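Residue-level listing of the chains:
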Amino acid sequence: MTSGKVVEVTGDQPRPIPDGYDPTIEVSLVVPTYDEADNIGDLLRGLHAALTATGVGFELIVVDDDSPDETWRVAAGLTTEIPELTVIRRQEATGLATAVLGGWSYAHGRLLGAIDGDGQHPPNVIVDLLASMSEGADVAVASRHLPEGGMVGWSPARRLLSRGAQTLGQLLLPGTIGRVTDPMSGYFLLRRDIVAGTEMDPVGYKILLEVLARCDVRRLVESPYVFLQRTAGRSKVAVGHYVGYLRHLLRLRVYPLRSRALVRYLAVTGVALALDAVVFLALFDLSGWNLTRSAAIAGETAILFTVLLHDLWTFAGRPARTFLDRVRRLVGMHLVLGVLLFTRLAVTNALVNWIGVGPLAAFLIALAVVMPGGHLLGSRLTWRSGRS
Ligand SMILES: Nc1nc2c(ncn2[C@@H]2O[C@H](COP(=O)(O)OP(=O)(O)OP(=O)(O)O)[C@@H](O)[C@H]2O)c(=O)[nH]1
Ligand SMILES: [Mg+2]
């Protein structure tokens, strides 16, 4: 994009984020705004100066939800001074997280990012985030909670509320929220291919949470920053946002269970357990092998079958990137299922030797009691998003 413009958007359905990008634009930074007319000018000038100094190609995209104070018009007035600026005026859609997604869907850069439009995020930190990305990060997050970071002018009550929200998130989504010191940050960069093609449906404010929960983020780097006090305008954070955050957490918690992959996931687990039983029967009943060896080989066959099918079919959308990833999945699955296999052998032997149950019945009881949960847990841990 060579000259700034205003894009009028009607409808509230977000567009998908395309894969392709303009090689001359390294980074597209989205600035969501609602009633920030008195803040937006200084912020855009600060970002323009900081990014121009880096020498990288960039664009700034203000996404304004038709603010009553006409922030979009103020921003549009800067497009001559800042030719890299585009202003999107959303007439019907609302919400910070969807504003960021909406901005990304119009972005041309290899890297995509977000920053608040109220001047609370220092523009110069963008340089640190860009440096992390050029060193190979998938996502670079500006964090208030690193030693050199902080918040200016927060009351103890707000600090407590913010920490409480984060702790609740850690409990509900440990694999997502536990890996970053500031999961609520609205100031971050990511590689376009991390989000392009991923279905996202954020509720409310926390777009980073949505990215971390749904996308395959491997290298995450944080840079400290001090969250400044507003000098103009007012905060839009209200009780409703905390409720929205809770809904968002719960939705992300059940998301893997609602996805299309669940059907495949259950189908593979069911077939693996049936295969386990058939192999056991073939070895123990038909070939006359001993109980322990038959059960161990049957269990191992089911594990290998599960890993193969999940990789090729169930989680085909999260392919292993390297041979090492594949090995990691195989080892991961064995760690969980190996423990269960031993438990199952112990249960089978106990039933046979101590209670006098027939070997076949003992095997089937142990299989039914120990393995289904184990298969599901092993698969869930091994192929969960953000890990492989
Ligand atoms: N487009 C759009 N932007 C929004 C919306 N709600 C908030 N924003 C913008 O998102 C940024 C962050 O919102 P704030 O209300 O400042 O929230 P905060 O910075 O987390 O909290 P405070 O410290 O209380 O200001 C600001 O630039 C807001 O103008 C919205 O519904 N739509
Ligand atoms: Mg703010």
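This one's a predicted model, so the numbers in the text were calculated from it and none came from an experiment.

Enquirer: Is there a simple way to explain the domain arrangement of the protein chain in this structure?
Expert: Where interface size is given, it is often the accessible area lost as the parts come together that is meant. Here the protein chain is described as being made up of domain 1 (5-255) and domain 2 (261-383). Between the C-alpha centres of domain 1 and domain 2 the distance comes to 43 Å.

Enquirer: Is there a simple way to think about a nonpolar patch on the surface in this case?
Expert: Taken together, the side chains of Phe 323, Val 327, Val 331 and Leu 335 make up a nonpolar region of the molecular surface, amounting to roughly 410 Å² of accessible area. For Leu 335, the location among the structural elements is in helix α12 (residues 323-355). Classification of Leu 335 by relative accessible area gives exposed; the value is 59%.

Enquirer: Can you walk me through the nonpolar core in this structure?
Expert: One recurring pattern in soluble globular proteins: nonpolar side chains tend to sit buried together. Counting residues in each nonpolar core, the largest one holds 35 residues, and the members touching the most others are Leu 44 and Leu 60. With six residues, the top contributor of residues to this core is helix α1 (residues 40-54). Of all hydrophobic cores here, the second largest spans 31 residues; its members include Ile 61, Val 63, Ala 97 and Leu 208.

Enquirer: Any chance you could explain the site of ligand 1 here in plain terms?
Expert: Taken together, 20 residues surround ligand 1, and among them Glu 36, Asp 65, Asp 118, Ser 235 and Lys 236 come closest. Note that an oxygen atom of ligand 1 is positioned 2.9 Å from one of the backbone N or O atoms of Tyr 34. Here Lys 236 contributes a backbone N or O atom positioned 2.7 Å from an oxygen atom of ligand 1. Considering ligand 1 on its own, with 640 Å² of exposed area, one finds that the protein chains cover 92% of that surface. Mapped onto the shell around ligand 1, the elements with two or more residues apiece are β2 (27-33) and α3 (96-105). In terms of residue class, the shell around ligand 1 is made up of eight nonpolar, five polar and seven charged.

Enquirer: What am I meant to see in the coordination of the magnesium ion (ligand 2) here?
Expert: Any two of four tetrahedral donors ideally make an angle of 109.5 degrees at the metal, while pairs among six octahedral donors ideally make 90 or 180 degrees. Protein coordination of the magnesium ion (ligand 2) is provided by Asp 118 (OD) and Gln 120 (OE1), with donor distances spanning 1.8 to 1.9 Å. On the accessibility criterion, Asp 118 (6% relative accessible area) is buried. Its relative accessible area of 11% is what places Gln 120 among the buried residues.

Enquirer: Sorry, what's going on with the side chain of Ser 67 here?
Expert: Mapped onto the secondary structure, Ser 67 falls in the loop between β3 (58-64) and α2 (71-76). Within polar-contact distance, the side chain of Ser 67 engages the backbone nitrogen of Asp 35 at 2.8 Å. Residues in contact with Ser 67, not counting those within four places in the same chain, are Thr 33, Tyr 34, Asp 35 and Trp 72.

Enquirer: What am I meant to see in the packing of helix α11 (residues 291-314) against α12 here?
Expert: Between two packed helices, both the angle of their axes relative to each other and the distance between the axes serve to describe the pair. Two elements in contact, α11 and α12, have axes whose closest approach is 9 Å; the angle formed by their N-to-C orientations is 150°. When the axis of α11 is compared with that of α12, the two are roughly antiparallel. Seen along the crossing, α11 lies across α12 with a hand that is right-handed. Taking contact as the criterion, the partners of Leu 291, Thr 292, Ala 295, Ala 296, Ala 298, Gly 299, Glu 300, Ile 303, Leu 304, Thr 306, Val 307 and Asp 311 in α11 are, on α12, Arg 326, Arg 329, Leu 330, Met 333, His 334, Leu 337, Leu 341, Arg 344, Leu 345, Thr 348, Asn 349 and Val 352. Of the residues belonging to the contact of α11 with α12, the class tally is 13 nonpolar, six polar and five charged.

Enquirer: Just to check I follow, could you spell out the pairing of β3 for this structure?
Expert: Consecutive residues of a regular strand have side chains that alternate between opposite faces of the sheet. Across the seven residues that make up β3, a large majority, seven, are buried. Where burial is concerned, the two faces of β3 agree: the one with Phe 58, Leu 60, Val 62 and Asp 64 and the one with Glu 59, Ile 61 and Val 63 are both buried. Pairing of β2 with β3, which is carried by seven bridges, proceeds in the parallel orientation. Residue pairing across strands places Leu 29 opposite Leu 60, the latter belonging to β3. Handedness of the crossover joining β2 and β3 through α1 is recorded here as right-handed. In the sheet, β3 pairs with strand β4 (residues 85-90) via five bridges, with the strands oriented parallel. Bridge pairing links Val 62 to Val 87 in β4. Viewed along the sheet, the connection from β3 through α2 into β4 turns out right-handed.

Conventions and cut-offs
- Numbering of residues starts from 1 in every chain and runs along the sequence as written.
- Labels follow written order: the first chain is A, the first ligand is 1, and so on.
- Confidence filtering applies because this is a predicted model: local features only for residues at pLDDT of at least 70, side-chain atom pairs given and counted only at 80 or more, and all residues used for totals across whole chains, interfaces and linings.
- As a convention, hydrogens and water are excluded, and side-chain values are obtained from all of the structure's heavy atoms.
- Each domain's extent was defined by an automatic or database domain assignment.
- To count toward a patch, a residue needs a relative accessible area above 30% and no salt bridge. Like charges then connect within 9 Å, nonpolar side chains (Val, Leu, Ile, Met, Phe, Trp, Tyr) within 5 Å.
- Only the protein chains shown count as cover for residues, with accessible areas throughout obtained via the Shrake-Rupley method and a probe of 1.4 Å.
- Think of a salt bridge as a Lys or Arg side-chain nitrogen and an Asp or Glu carboxyl oxygen that are within 4 Å of each other.
- Helix numbers and strand numbers start at the N terminus; a helix is a DSSP run of H or I with at least 4 residues, a strand a run of E with at least 2.
- We call a residue buried when its accessible area falls under 20% of the maximum for its residue type, exposed when it is over 50%, and partly exposed in between, using a 1.4 Å probe and counting protein chains only.
- The criterion is simple. A nonpolar core is a set of buried Ala, Val, Leu, Ile, Met, Phe, Trp, Tyr and Cys residues joined through side-chain atoms within 4.5 Å.
- Proximity is defined per residue: if any heavy atom of the residue lies within 4 Å of a molecule or strand, that residue is considered near it.
- As used in this structure description, the phrase polar contact means that two N or O atoms lie within 3.5 Å; if the pair is within protein, one of them must be able to donate a hydrogen and the other to accept it, and residues adjacent in sequence are counted only when both atoms belong to side chains.
- Residue polarity is assigned by list, with Asp, Glu, Lys and Arg as charged and Ala, Val, Leu, Ile, Met, Phe, Trp, Tyr, Cys and Pro as nonpolar; anything else, Gly included, falls into the polar class.
- With water excluded from the atoms, a metal site may look incomplete; its donors are any N, O or S atoms within 2.8 Å, or within 3.2 Å for Na, K and Ca.
- Contact criterion: two residues are considered in contact whenever any of their non-hydrogen atoms come within 4.5 Å of each other.
- Only the stretch in contact is used when a helix axis is fitted, and all axes are lines through C-alpha atoms; the angle between N-to-C directions ranges over 0 to 180 degrees.
- Each angle receives one of four descriptions, namely roughly parallel if under 35 degrees, roughly antiparallel if over 145, roughly perpendicular if within 65 to 115, and oblique otherwise.
- Crossings are sorted by hand: turned counterclockwise from the far helix by less than a right angle, the near helix makes the crossing left-handed, and turned clockwise it makes it right-handed.
- A pair of strands is considered paired only if DSSP assigns at least 2 bridges between the two.
- Note on handedness: a clockwise path from strand one over the helix to strand two, with the strands aimed away from the viewer, defines a right-handed crossover.

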